[in-house]
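Inside the fold
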Amino acid sequence: MQAVAFLRGINVGTAKRVPMSDLRRVVEGLGHEDVRTVLNSGKLDVSGKAKGTKGGLVALNGNRVAVTGDAVIDASGVSEGGRVIIGGDQLGKAKDVVTVSLSDQTVIGPKARIDIGSSEGNGGFVETSSSGMLEIAKSTVVDVTAKLGKAGSWLLVRCHGCRRRRRNPPAG
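What comes next is a walk through the structure. This one's a predicted model, so the numbers in the text were calculated from it and none came from an experiment. (Residues numbered from 1 in each chain as written. Predicted model: local features only at pLDDT ≥ 70, side-chain atom pairs only at ≥ 80, totals over all residues. Heavy atoms only, no water.)

Attention now goes to the overall build of the protein. A count of helices and strands for the protein gives 1 helix and 12 strands. Walking the protein from its N terminus toward its C terminus, one meets helices and strands in the order β-α-β-β-β-β-β-β-β-β-β-β-β. Considering only contacts within the protein whose residues lie at least 6 apart along the sequence, 74% involve residues at least 24 apart. Surface summary for the protein: the accessible area is close to 9800 Å², and the carbon and sulfur share equals 52%. (Helix = DSSP H or I, 4+ residues; strand = E, 2+ residues; numbered from the N terminus. Contact = heavy atoms within 4.5 Å. Areas by Shrake-Rupley, 256 points an atom, 1.4 Å probe, with all protein chains shown as cover.)

Written as structure tokens, this is what we have:
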């Protein structure tokens, strides 16, 4: 089964905090098993670790998007790496699931790690975009390794003058 995770401004400030245990129960209540997302530790895991599984999709959307601290996004997969969309989806790689509008500011911090690799197939795809400031630390690690297939790819887009696409309202 392929996993999908969408985050938009959860637990950013001190007001209206959502306990991760509550969020995990909600996701499990939707029929998902083995929910391994641990947002407060900076790890988002939608990997496909079982034989024949693909990595999932992570879409980070908002006016200002940041992946900071010791953040880890794991969308690796055994048969194929997954998709990670941060700050915009200019190529439409996530449009089968969600519309991701272009951010005004996207920052990937120095200790961040993104994994879209695959042990038996092709690597996945990462897009990091912004209509304004796009800041990627030199020490950011993006693993696109594919031991038996084609390496994944990482697209960086600073789209000055691009029009922001209208966001879909949150579901439910």
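Having put the structure on the table, let's press on.
A word on the pattern of salt bridges. Tallied over the full model, the rule gives 5 salt bridges. Here Lys49 and Asp74 are joined by a salt bridge, their closest N and O atoms 3.2 Å apart. Separated by 25 residues along the polypeptide, Lys49 in the loop between strand 2 (43-45) and strand 3 (57-60) and Asp74 in strand 5 (residues 72-74) bring together distant segments of the chain. For Lys49, a relative accessible area of 53% puts it in the exposed group. Classification of Asp74 as buried rests on a relative accessible area of 9%. Between Arg83 and Asp96 there is a salt bridge, with its nearest N and O atoms 2.9 Å apart. Of this pair, Arg83 sits in strand 6 (residues 83-86) while Asp96 sits in the loop between strand 6 and strand 7 (105-108); the two residues are 13 residues apart in sequence, bridging distant segments of the chain. Arg83 gets classed as buried once you look at its relative accessible area, which sits at 18%. (Salt bridge = Lys/Arg side-chain N within 4 Å of Asp/Glu carboxyl O. Buried < 20%, exposed > 50% of the residue type's maximum accessible area, 1.4 Å probe, protein only.)

With that settled, the discussion passes to the environment of Gly82. In this fold, Gly82 is placed in the loop between strand 5 and strand 6. Residue class for Gly82 comes out buried when judged on its relative accessible area of 3%. With 42 residues separating them in the primary sequence, Gly82 and Gly124 have C-alpha atoms 4.7 Å apart. Once residues lying within four places of it in the same chain are set aside, the contact partners of Gly82 are Gly55, Gly56, Ala75, Ile116, Gly124 and Phe125.

This part covers the nonpolar core. With 17 residues, the main nonpolar core has Val58, Leu60, Val67, Ile73, Val84, Ile86 and Ile114 as its most contacted residues. In this structure, Val84 is in contact with Val58, Ile73, Ala75, Ile114, Ile116, Phe125, Val126 and Glu127, ignoring residues within four places of it in sequence. Core analysis: the next-biggest nonpolar cluster, separate from the first, contains 6 residues, Leu57, Ala59, Ile85 and Phe125 among them. (Core = buried A, V, L, I, M, F, W, Y, C linked by side-chain atoms within 4.5 Å.)

A few words on the sheet that holds strand 2. Pairing within the open sheet is parallel, and its 4 strands lie in the order 2-5-8-11. Where the open sheet ends on each side, the last strands, each with one partner, are strand 2 and strand 11 (141-143). Neighbour-to-neighbour, the strand axes of the sheet open up by a mean angle of 5°, direction not taken into account. (Pairing = 2+ DSSP bridges. Axes fitted to C-alpha atoms, helices over the stretch in contact; angles between N-to-C directions.)

The next point concerns the sheet that holds strand 7. Strand pairs in the sheet, formed through backbone hydrogen bonds, run parallel or antiparallel to each other. One open sheet holds the 3 strands; their spatial order is 4-7-10, and the pairing between them is parallel. The sheet is open, and its two borders are formed by strand 4 (64-67) and strand 10 (133-136), each paired with just one other strand. Here the average twist between neighbouring strands, direction ignored, is 5°. Bridging between strand 4 and strand 7 involves 4 bridges; their strand directions are parallel. For Val65, the partnering residue across the bridge sits in strand 7 and is Thr106.

With that settled, consider the environment of Ala50. Locating Ala50 in the fold gives a position in the loop between strand 2 and strand 3. Residue classification places Ala50 among the partly exposed positions, given a relative accessible area of 45%. Counting along the chain gives 28 residues from Ala50 to Val78, while the straight-line C-alpha distance between them is 6.7 Å.

Direction of pairing for strand 7 relative to strand 10: parallel, over a ladder of 4 bridges. Counterpart to Gln105 in the pairing with strand 10 is Met133.

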